[in-house]
Structure formats: structure tokens, C-alpha cells
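So you can see what is in the structure, the chains are spelled out below.
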Amino acid sequence: MELSCDLHIHSRFSRATSKDLNLGQLYQWAQRKGIAIVGTGDFTHPGWREELRRDLVAIPGEPGFFALRPELREALDAEIPRACRADVRFVLTAETSHIYKKAGAVRKVHNLVLAPDLDVVERLCQRLVALGCNLNADGRPIFGLPCRDFFEIILETDRRACLIPAHIWTPHFSLFGSLSGFDRIEDCFADLTPHIFALETGLSSDPAMNWRLSQLDRYTLISNSDAHSAQKLGRELNLINIQPSYDHLRAALEHCRPDEFLGTVEFFPEEGKYHLDGHRACQARLEPAERLRLGGKCPVCEKDVTVGVLSRVEALADRSAEAVAAGARPSRARPFTSLVPLPEIVAEVLGVGVASDRVQRLYFKLLDQLGSDLHILRHVEAAELRRAGGELLAEAVRRVRAGALHIAPGYDGEYGQIRIFEPDERTPKRSGRDEQMGLFA
Amino acid sequence: MSGEAPAFAALQGLTAAQREAALASGSALVVAGPGSGKTRTLVARLVYLLEAGLAAPHELCAITFTRKAASELRERLQRAVGDVAQTIRVGTFHQLALHLRPQPQAVRLISEADRHDLLAHVLRSDSSVGSGLSEATLRRRLRRASQALSLMKGRSCDALTALGQPSASLPTEDDAAWLHPALAAYQAWLQALDLEDLDDLLVAATQAVRAGQACVHYRCVHVDEYQDTNGVQRELLIALAKAGAQIFAIGDPDQSIYAFRGAERGNFFAFPRDFAGARVFFLRDNFRATSTLVAAATALLSQAGDREAFVDGPPPQAQRERGEPVQLRAAASPRSEAIAIAREIERLLGGTSLTSHDQGRAASSASGCYGFSDIAVLTRTAARADDVALALQHEGIPTLRPRKARPLYTAESIARGPDERAADDRSERPPERAATQSPFSAALQHHAQRPAWRADAGLVDLDAAQSAERSYAALRHALTCDAEGEIGIAHESDEWDARFERVAVLTLHGAKGLEFPVVFLCGSEADLLPGRAASKDEVAEERRLFYVGMTRAKDRLWISHVGPPSPFVAALPSRCVQTVAPPARRAKPPQLKLF
Ligand SMILES: [Zn+2]
Ligand SMILES: [Zn+2]
């Protein structure tokens, strides 16, 4: 059974998250988005943990997976289009932020933690508190504790728990971050490096970029949404084929067998916030070569620019992009699909902002008629898309699937701008083409 | 002697002044300002004595103020001379005192908890207080008695005999009516039980050295932080000198901050008289702080004018670049002060979350060069430190607020007002003993006989009552004896775990001897610094305390206050200070939209 799986999300107990981000919201949006297994996020936070205990029940026969209590599900299910309804499994996850000095520089690294059950979570949190860590202030707690030592604590607590370095290329907060990280995984995890088996690639990089580093060949490359609101769930995710249980999930991530870890769904990396280099305040977006030519300075204000993911990959890569394009890839390489979030496609089709009511109306209409977001993006055929959303939508989805779009790449915290149509392509022709008019009515 | 000096590896890399001090022959007093390479000089001196064959390792001894300082010194010696370092006696005065005793294994120390129980027992059984004491009164008296006891025993080796003479003056003026008999009763119990407390340990060691009974003979004794020694410690050193030791004392009279605990700054000035032929050396280069910070701290002290001329020496010489000015910031409340500090910490780290980047609290390209453990927040009182630590935690910043179960009588509370004592009761009371009575205090209560205090007796004569001895023996059995390891007075800085990086939140007293790239002096308001201090001496001590706080900083110093600032702030030259206006209210981050 192919299961879509988003392991890195946050609750409302994390800073800068949506205030209504509770288990009910996650349950509903997982169905709308088409996600079968969703991380709880934030299990280190006592308040969130209490809700997990209160609102989740263990799924019989699927150890380590949890379901929302049946009595809570009823009212929520009524709001979910029939075409989207599906089982939602929760798995215990958290993200931690580590800020510490190593080898003379300040390192800031985020890690994703998976736990097999609530008992392990409880014991881990108790140990962290006993060591003086503060878990109350933020669902993604900040520790002045080196990643290696934290990992040791996790392994001592339970060997089945796992640690996955999060969004490994983000400049400010990651393992390889240009402003925060290391050049080699060993420099971060030292003697415990062999116990790391998966890496999260983050929004601004895709597996192909990561294949350029032979030091990553032995890791499973996973993708998650890092959603701070339920609507962003599943914008990147993993496709796995397992008997549902924590141990099988972990095994799929650890061994990356082609029949178990099927691949990932990705952002176009250019859409990520840190793909290129640049300086946001000056709207200076720079290709890596351009940054090198300018000596790393902003052409407007001459301050240091933020070095993005592409440059950082270039700096650490030992395979050329051409070699990867020609087919050079590690044995763990799995297929991946690059997609644009469906609401953004709808917004492009309607020619209005993504937050507008019209986008929401059409988006929900599509879910009603065609099924989940992920299903629409990956599987629904052109004819059906045309019937539910018009010719322009069918064409937009076709172009996204083919990768035939323009992206002004993201840089220095600014998301990339997607453009599927040229302005004249979208304007409805005056002369007839009635089927399109339904869309704008 | 300095002609042959370059041959010694120990002296390599020292400045001329450091080298001169390290080479001193005979007793020496080294006046060492903040960041002047005090420990480095001390290590060099010890290594030089070994290299030059002037002393064998077991003839060397170095006394530090805290256990943390001792272990650091030990590590540095280990690096310099290898395993030989383990033969050098390095420790606190209490640890040294134990080793000087003829039979260290036979020394029976009363534990802190039992000391507390014994004092409480003595106070409760005061027959003059008819129906007994209220719990609140008892607690107050306990605290007072505990402090008075330590002060008295720390003043001089002969102070104890004063207890035998009703007219003798005690270290506190009021309440003497109950205090005097209580202390005598406490001491009688100790004698009857054949026990000592930490204060007795030093007195007994001094007496042993004087009597020629010390089992170890040191040729060279080194003392760090000499400005904070008390009367008995000075007497011990004089006794050691008479027994043939050279005394090498290092310290800074401008950093003497423990008068309330019995430290006598006068010891520093008396050194040339106490130790015949002693020479005085000066370490005036400041390698720690930026020149702006050195200038600011120096200006603060120029007000004081309470040093004896001979320690004045040359003025401090800053050895570093100019750096940033001191940031001075007013805050509306302690809470907003803590939040402002939290924001500044975020900036210093180059952002702790993406939110800090989105809201402009970190330059987008800044990686930050400071980690959490490069930063300290210092306060005048423990209560304020607790509050600011809590507020920083609430902002998600990992903090270290050291809290050792400290002996009651090391508390700083004597320097505090009543409202802060209330705060003390919340935060610093030792674990409640009344609830779960120790075997010792239970046994005490069933003991019919009260021992009698005999000031002249080295040992209490127990022959008179065989039965009493048996029952005392039974009582002793209920005691736990803390023989080594934990001997000494716990200090805030003792509790340090380098693996976890955290912002240290310390009292000014607790920051003694430490240094941090970034220091926040929080709560620098007139109410707290100098606070209620009235006498000239008290104000001077508070000023030194502020000086100690300022001189902990290497790169950046931030001073904040709620309400009128401390008058010490006004002493800082305006060219060294930048007043930071509170930031304009930032617009709320945009509401999260559906998509
Ligand atoms: Zn993260
Ligand atoms: Zn710029």
C-alpha cells in the first residue's frame, strides 16, 4: 500500500505558527491534502503532549501509530469532502533547535526526532528537563547542547527513536547551512554519525541537487512540509509502501529499499526561500556565479549577501550537475516528483492572490469533485480536471507536471515566484471559448 | 635572578611584569587587576619553582577561592608539567586545612544539614523563651546565629574563647541576649559530640601549625584572591610563614566583595607588615577587556580613593582594541528589562529562529559570533537573578541559574533588606528538614543532658559521665560525616557543565573570577546598588561589587536599570557610554493567511 507521509510539522505551541493548529485541524487537512501518515510535531512540549495523550488513541495492530479519538472524528469528518476521506495516522515527532559553539564558530542546527511511543517521549523529555533544558517556551525548543550529545541522549533513551537532520541546507539553521552548519556530517555527529541514516532535504533543494555530494550517498533523502499551519501540510512528502507501524516506517527510512521507500514529492527547489543567493532588503537576487563575481557583497548596499542552497551545494559537491543530469546517482536515489501547491496553481489560473476567497472556493470545489490535493496534482486526468476546473486549470496542471513553468527563484528568505502562464495566455479571449467562462463566473 | 630567567620554559610568553612577579624570591604580594593574567602568572610561578628546583612538588601549595578555580588551576598545571601536577596541593582553604591536620582521617565534620538541625535544636530549647519560638522567629534566629557563628569563628583563632566570657563582644550588636548563649550551647554540643564545623577546621589547622603539629610542610604557599581572605585565613598563612613557608599572594583590593562574610580587605594592605621582607608586584595590563571597557571601569574606581598608597602602582593599561561603548538602557519593569535582554541575546547570536530574521532582530547574513555560554547576566541579588532567569527561559533562551544546596552561612543575605529575605525564603532555604526529620535531629531531641561549654578545653573531658559518653556515641552514630570531596563552601560558579551552552545568570558575587565576552548588568538601579548601604565602607564595597561586574566583560557590556540608575553609572565617562533608547513598538507580524 502506498502511503504518503509528512513527518515534520509544528503545533500551535511552536512560535510563529497558526493559533488554531490543533490535532483536529491536522486530521482534517491531512485528508484534504491526501496524507496518510502525519507527524504530531512538537512532542517535547508539555502542553502539546497532554493533548496527544488526551485526543489520540493507539491504532490496534499498528504499534507506534495513533488515530484521533473516534468521538472527535465524527464532527470533523462532516466537513471533509467524501472524495477525500481517508484514515489519518499520527506518528510522534518533534523538531529541536541546537545553538552551540564548535570549532570556534556558532552552529545552529535543527533536527527532527521520531519516537516509537509516548513512554519513550516521556522518558526523553524527563531526561532533557533534568539536564536543564527548557521545553516549555517553544514547541521547537532551543538547546545549547551539541547535536552529537543530544543524539547520544536519544539513543540512550531508546534505540528505536531516530534523529534526522532537518532541512539540511537552510542557511541559518541547518547541518550544512552556509551561516550555521558544517561541511561534513561527521563534523556534527562525530562518533555517532553511523547512526544517522536519513536527511531531510528541505524546500530549497531537491534530491538531484543532493546527489551531487557523494558524502550523502549512504543516506535516505526524505522530504517534509515543515508546516507552520495546517494548510501547508504535505507541500513536500514521502511515499512509502509498508505495513503500517512505527518500526516498519523506521525500517523504510533506514534501509531505503526501493519497494518500501518509493520516493518523494518536492517543491521545485527554485520556489524555496533560500535557493539562490542575495539580499532581500535590497531585492538583490544573485546566481552563484554572480555572487562570486561580486565577492559575496550585495550590489546595492555592499553588505554580505545570504548564501543560498544552490551555492552551498556547489561548494560541497564532488559531482557536476551535468553528471547527475546524465544519470550519475547513488544507489539510494529514488524517483521524485516536483509539484506546485494546488492553491497556487488555482491562484495562477484565476489571476488573483492565493489568499483570495475565489481561490478558496475553487480549491474546495476541486477537492469535492476530484479528491485530495495530492491526488489531483499527481493522478487526475486532464479531461476530469477540465470538467471540474476548466481548460486553463487542466493546462496549468499539465505544465506543472511537465515542469514547464517559469520561476523567479527564492533568495534570502523570499519565496520563489511561480509563473505558469504568460499574461496574454490567461486573458479570456472575447471571441467564444465558452467552456472557459464558467471558470470566471 | 632575572638574568638567568629565559632558560625556563615556564616563563615563556609572560610579560615583563608577569615574569618579574613569577620570579619573586621570598614572600610576595602581587596586585593583579582584572584580566591581567593572574592565573597564568600563578601557574608560571609554580612551574618555575619546579623547573628551577627551588621546591619539590609536594612542597608546593596553591589556595583558591572556589573549587572551580582549583580544578582549573589543576588542569593548567597538568598541561604544563604532566602528572607531577597531582602531587601539588591545590584546593580551597578548607581543603588545605584538612591536609594540615595531624590526622586528617580522624577529623569529624558536621554536615551542613546537621549543623542546621543542631542550631535549630539549640534555639528551640532556649529556656528563656517560655512557650517556645514561632517558626518565623526561629528561622530568623537560625539565619542570624549561623552567620554570627561563622563571622566570629572566621575573625580570629581566639574568637571562640570570647564565648566563655559573658562580657565579650559578639559580632552582632542586637539580640545578643539570646545569641550568646545559643552559640555557646552549639559549641558545647560540637565538643561533646567530638565534631567540628567548617569554621573550626581552619582554626584547628592554624593551631596545629602553630604547635608544630602539622603533618605537611609547605615551602611555598600561593594564595589567590587574597583580598577576600578572613582573619583566620590570614593567621593560618602567618603561621605557615613562621614555619618556613614563602607566601605568594595574588589579588586585587578593588575586587574585595566579601566583607559581609568576614573577608578583611585590610589583610591585603597588611601583607608587607605580616610577612617580613615581602615585595609588592603589579600586573596592570588588561588583556581581557576592550580599552573602552577598561576606561569605564577605571573611572568608576577613581571615585573610591580608599586604597593604601603602596598598592596604587601604575594605572591599568588596556591591551585590546577600542571596541563598543557600554550600552546603557532604562526599562519600564524587570520583565521588559528581561525581554530587552532576550532580544539583544538573539541579535548577538545572529538570530535564534527564523522569526528573528523576519522581524529584523538579526541581520540576514549574520552568523553571529557568540554562543549562549559567551553571555552572562549579572544581578545584585539572588532574587533578581531568579526573576530574570525565569523571564529569559520564557523567551526560550537556555539559561543556567546555578543553585547549589549552599551552606546557610554562605548566603549573601546579611547584605540584604527584609523584602529580599522574604525572597530568600522562597528560593534559598535549604530543603525543609522539619518535615522529614534526620536521625540526628530525632536523636538530639531525646537526649536529656545538655553538654557544658568549656572554652579552655581542647577536648571535652567526658570522664565525669560514662553514660553521657555512651549516649553521645550513639548520637554521633546518627551523623553522616563529609570527609573530603565536598569540603569547602559551595560557590555559584562551582556548578558548571561545559557541554550545555547556556546563558549564565549569576549574582555579582557569584561571577567573581569569571569572564564572559558579553555581560549584562541587570537591575543596576540605585535601590539595589548601593541600596541600603549607609556607611562609607558599605558604599565602597558596593562600588567594588559593581566594578567586579563590569570587569567580567571582555567585548560588550550592557547596563540596564528599572527606575533611577545606580549612582555608580553616573561615574562612567560619557565617551564610554551609549544610552540606548527603547525600540519603537514594532508592528505585529502579519496574520497568517489560509494559504
Ligand atoms: Zn527547522
Ligand atoms: Zn543589500
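Small disclaimer: the values here were computed from a predicted structure and weren't measured.

A look at the overall build of chain A
- Summing up its helical and strand segments, chain A has 18 helices and 17 strands in all.
- Computed over its C-alpha atoms, the radius of gyration of chain A comes to 22 Å, within 12% of the 22 Å expected for a compact globule of 441 residues.
- Counting only C-alpha atoms, chain A reaches 70 × 60 × 40 Å along its principal axes.
- Within chain A, the proportion of its 441 residues that are buried is 61%.

Side note on the interface of chain B and chain A
- The interface is formed by 31 residues belonging to chain B together with 43 residues belonging to chain A.
- Across the chain B to chain A interface the summed buried area is about 3100 Å²; carbon plus sulfur atoms make up 57%.
- At the boundary of chain B and chain A, one finds one salt bridge.
- Across the pair Asp-374 of chain B and Lys-101 of chain A runs a salt bridge, and its minimum N-O distance is 2.6 Å.
- Applying the counting criterion to the chain B and chain A interface returns eight residue pairs in polar contact (both at pLDDT 80 or more).
- Within the residue set of the side of chain B that touches chain A, elements represented by two or more residues are helix 13 (354–358) and helix 14 (382–394) of chain B.
- Here the side of chain B that touches chain A gets four residues from one element, more than from any other, and that element is helix 13 of chain B.

A few points about the pattern of salt bridges
Residue and element names in this part refer to chain A.
- For the coordinates displayed, the defined rule picks out 58 salt bridges over all chains.
- Here Arg-291 makes a salt bridge to Asp-277, at a shortest N to O gap of 2.7 Å. Residue Arg-291 is located in helix 9 (residues 288–293), and its partner Asp-277 is located in strand 13 (residues 277–279); the two are separated by 14 residues in the primary sequence.
- A relative accessible area of 15% places Arg-291 in the buried class.

A short note on the domain arrangement of chain A
All names here are of chain A.
- As far as domains go, chain A holds domain 1 (3–271) and domain 2 (341–440).
- The centre of domain 1, based on its C-alpha atoms, is set 30 Å off from the matching centre of domain 2.
- Facing 18 residues of domain 1, the contacting portion of domain 2 comprises 23 residues.
- At the surface where domain 1 touches domain 2, the tally comes to one salt bridge.
- With a closest N to O distance of 3.0 Å, Lys-33 and Asp-373 form a salt bridge.
- Taken together, the links from domain 1 to domain 2 amount to seven residue pairs in polar contact (both at pLDDT 80 or more).

Digging into the sheet that holds strand 4 (residues 220–223) of chain B
Residue and element names in this part refer to chain B.
- Overall, parallel pairing links the six strands, which are arranged 3-2-4-5-1-6 in an open sheet. Every other strand in the sheet has two partners, leaving strand 3 (89–92) and strand 6 (279–283) as the edge strands with one partner each. Averaged over all neighbouring strand pairs, the angle between strand axes comes to 15 degrees, with direction disregarded.
- Sheet topology note: the strand 4/strand 5 (residues 246–251) ladder contains four bridges and is parallel. Counted as the bridge partner of His-222 is Phe-248 from strand 5.
- Helix 2 (residues 38–51) contacts strand 1 (28–32), strand 2 (60–64), strand 4, strand 5 and strand 6 of the sheet and is inclined by roughly 175 degrees relative to strand 4.

Scoring rules and cut-offs
- Residues numbered from 1 in each chain as written.
- Chains lettered and ligands numbered in written order.
- Predicted model: local features only at pLDDT ≥ 70, side-chain atom pairs only at ≥ 80, totals over all residues.
- Heavy atoms only, no water.
- Helix = DSSP H or I, 4+ residues; strand = E, 2+ residues; numbered from the N terminus.
- Rg over C-alpha atoms; globule rule 2.2 N^0.38 Å.
- Buried < 20%, exposed > 50% of the residue type's maximum accessible area, 1.4 Å probe, protein only.
- Contact = heavy atoms within 4.5 Å.
- Buried area = accessible area lost by both parts, 1.4 Å probe.
- Salt bridge = Lys/Arg side-chain N within 4 Å of Asp/Glu carboxyl O.
- Polar contact = N/O pair within 3.5 Å; in protein donor to acceptor, adjacent residues only side chain to side chain.
- Domains from an automatic or database assignment.
- Pairing = 2+ DSSP bridges.
- Axes fitted to C-alpha atoms, helices over the stretch in contact; angles between N-to-C directions.

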